[in-house]
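As a plain string of letters, each chain reads:
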Amino acid sequence: MNTRISVETLLSELEAFGIANDAAQSERGSRMLNITRDTGELLAVLIQARGARRLLEIGTSNGYSTLWLARAAQALQGTVVTVEQAGDKFAMAQANFVRAQLAGVIEQKLGDAGDVLRAAQDGAWDFIFLDSARSQYQAWWPQLDRVLAPGGVLVIDNATSHYEEMAAFLDGIRLDTRYTTCLVPVGKGEFIAVKARN
């Protein structure tokens with residue numbers, strides 16, 4: 001039964017579900033791999049500080065992180081586009097967005113993030129949260145850079161927990177003089193890059 005509930009109640013429910021589910025599942029595809037609560041709080045603060053109204057999330061899972069993004073965006077009359085490749089997780093997230101009464105703030109896309117990025121206009125998003133297939137990040141970079149608006153914020157999850165997998169990618173952004181970057185020891189490590197305004 002998909003009874004509508006407050007976002008905060010649903011966040012707590014999904015947080016507990018994700019922890020229990022991932023402890024019981026050994027196969028990566030069956031795990032939720034959600035962000036931590038303090039990561040959600042950090043994302044919300046960054047969205048508010050930037051005044052970001054056009055948000056992109058790559059890697060929806062069951063929608064836990066999306067709810068953090070959407071609640072922050074809603075306060076600014078903004079919207080979130082979230083991309084997921086797994087059909088079962090897409091459906092699970094869809095039901096959660098309806099329960100949270102945030103379906104109107106969130107546009108879900110089922111498919112390949114590379115295709116979504118290539119189809120987007122230059123500077124389409126003020127804020128991008130990347131929590132997906134880390135092996136693809138380097139290939140996506142030209143498009144990520146193109147679709148991030150001047151002054152936009154890019155946040156990459158798992159920047160300490162899986163640093164080795166992304167080291168070349170993260171170091172490349174650090175060396176790009178158009179970006180101001182930092183690595184924040186919150187959750188699984190959040191790499192934050194802010195694009196120059198001009």
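Refer to the preceding data block for the structure.
Residues numbered from 1 in each chain as written. Predicted model: local features only at pLDDT ≥ 70, side-chain atom pairs only at ≥ 80, totals over all residues. Heavy atoms only, no water.

Enquirer: For the packing of helix H2 (residues 37-50) against helix H3 (residues 64-74), give the residues involved together with the corresponding values.
Expert: Closest axis-to-axis distance for the H2/H3 pair is 9 Å, and the angle between their directions is 30°. Comparing the axis directions of H2 and H3 gives the class roughly parallel. Along this stretch, H2 crosses H3, giving a crossing that reads as right-handed. Of the residues in H3, those touching H2 at Arg 37, Gly 40, Glu 41, Leu 43, Ala 44, Ile 47 and Gln 48 are Tyr 64, Trp 68, Leu 69, Ala 72 and Ala 73. (Axes fitted to C-alpha atoms, helices over the stretch in contact; angles between N-to-C directions. Helix = DSSP H or I, 4+ residues; strand = E, 2+ residues; numbered from the N terminus. Parallel < 35°, antiparallel > 145°, perpendicular 65-115°, else oblique. Left-handed = near helix turned anticlockwise from the far one by under 90°. Contact = heavy atoms within 4.5 Å.)

Enquirer: Give a description of helix H6 (residues 137-147) that names residues and reports values.
Expert: Along H6, the residues that are buried comprise Tyr 137, Trp 140, Trp 141, Leu 144, Asp 145 and Val 147. Projection of H6 onto a plane perpendicular to its axis shows the buried side chains occupying an angular sector of 155°, all on one side. (Buried < 20%, exposed > 50% of the residue type's maximum accessible area, 1.4 Å probe, protein only. Arc of directions from axis to C-beta.)

Enquirer: Could you give an account of the sheet that holds strand E1 (residues 54-58), with specific residues and numbers?
Expert: Read from one edge of the open sheet, seven strands run E3-E2-E1-E4-E5-E7-E6, paired in mixed fashion. Single-partner strands in this sheet number two, and they are strand E3 (106-110) and strand E6 (179-184). In this sheet, neighbouring strand axes are inclined to one another by 15° on average, regardless of whether the strands run parallel or antiparallel. Direction of pairing for strand E2 (residues 79-84) relative to E3: parallel, over a ladder of five bridges. Paired with Val 80 across the bridge in E3 is Ile 106. (Pairing = 2+ DSSP bridges.)

Enquirer: Explain unusual backbone geometry to me, using residue names and the numbers behind them.
Expert: One non-glycine residue, Gln 77, lies in the positive phi region at around 60°. You can see Gln 77 is positioned in the loop between H3 and E2. For Gln 77, a relative accessible area of 61% translates into the label exposed. The backbone of Gln 101 shows a phi angle near 60°, a positive value even though the residue is not glycine. Within the secondary structure, Gln 101 sits in the loop between helix H4 (87-99) and E3.

Enquirer: Before we move on, could you go through helix H7 (residues 163-175) and cite the residues and values that matter?
Expert: Two residues of an α-helix separated by three or four positions point the same way, owing to the 3.6 residues in each turn. Of all the bends in H7, the greatest, near 35°, is centred on Phe 169. Burial in H7 covers these residues: Met 166, Ala 167, Phe 169, Leu 170 and Ile 173. Of the surrounding secondary structure, the elements contacted by the buried residues of H7 are strand E4 (125-130), H6, strand E5 (148-156), E6 and strand E7 (190-195). (Bend = angle between axes of the 7 residues up to and from the residue.)

Enquirer: So, the nonpolar core: which residues are in play, and what are the values?
Expert: Ranked by size, the top nonpolar core spans 34 residues in total, and within it Ile 47, Leu 55, Leu 67, Leu 69, Leu 102, Phe 127 and Val 155 carry the most contacts. The greatest single-element share of this core, amounting to seven residues, is contributed by H3. Those residues within four positions of Leu 69 in sequence are excluded, and the remaining contacts are Leu 43, Ile 47, Leu 55, Glu 57, Val 80, Phe 127 and Phe 129. Ranked by size, the runner-up nonpolar core spans 28 residues in total, among them Val 81, Tyr 137, Leu 148 and Phe 169. (Core = buried A, V, L, I, M, F, W, Y, C linked by side-chain atoms within 4.5 Å.)

Enquirer: Give me the pairing of E2: which residues, what numbers.
Expert: Within E2, five of the six residues are buried, leaving the element largely enclosed by the surrounding structure. Considered for its hand, the β-α-β crossover made up of E1, H3 and E2 is right-handed. On the question of chirality, the crossover connecting E2 to the parallel E3 by way of H4 is right-handed. (Right-handed = clockwise from strand over helix to strand, strands pointing away.)

Enquirer: Any chance you could break down the side chain of Ser 65 for me, citing the residues and the numbers?
Expert: Along the chain, Ser 65 turns up in helix H3. At 2.4 Å, the side chain of Ser 65 forms a polar contact with the side chain of Glu 57. The contacts of Ser 65, once residues within four sequence positions are left out, are Ile 35, Glu 57, Gly 59, Thr 60 and Phe 129. (Polar contact = N/O pair within 3.5 Å; in protein donor to acceptor, adjacent residues only side chain to side chain.)

Enquirer: Lay out the pattern of salt bridges with the relevant residues and their values.
Expert: Using the criterion set out here, one finds 13 salt bridges in the structure. The salt bridge involving Asp 112 is made with Arg 118; its shortest N-O contact spans 3.9 Å. In this structure, the salt-bridge partner of Arg 118 is Asp 115, at a minimum N-O distance of 2.6 Å. Taken together, the residues span about one helical turn, with Arg 118 and Asp 115 both in helix H5 (residues 113-119) at a distance of three residues. Salt bridges sharing common partners tie together Asp 145, Asp 176, Arg 178 and Lys 195. (Salt bridge = Lys/Arg side-chain N within 4 Å of Asp/Glu carboxyl O.)

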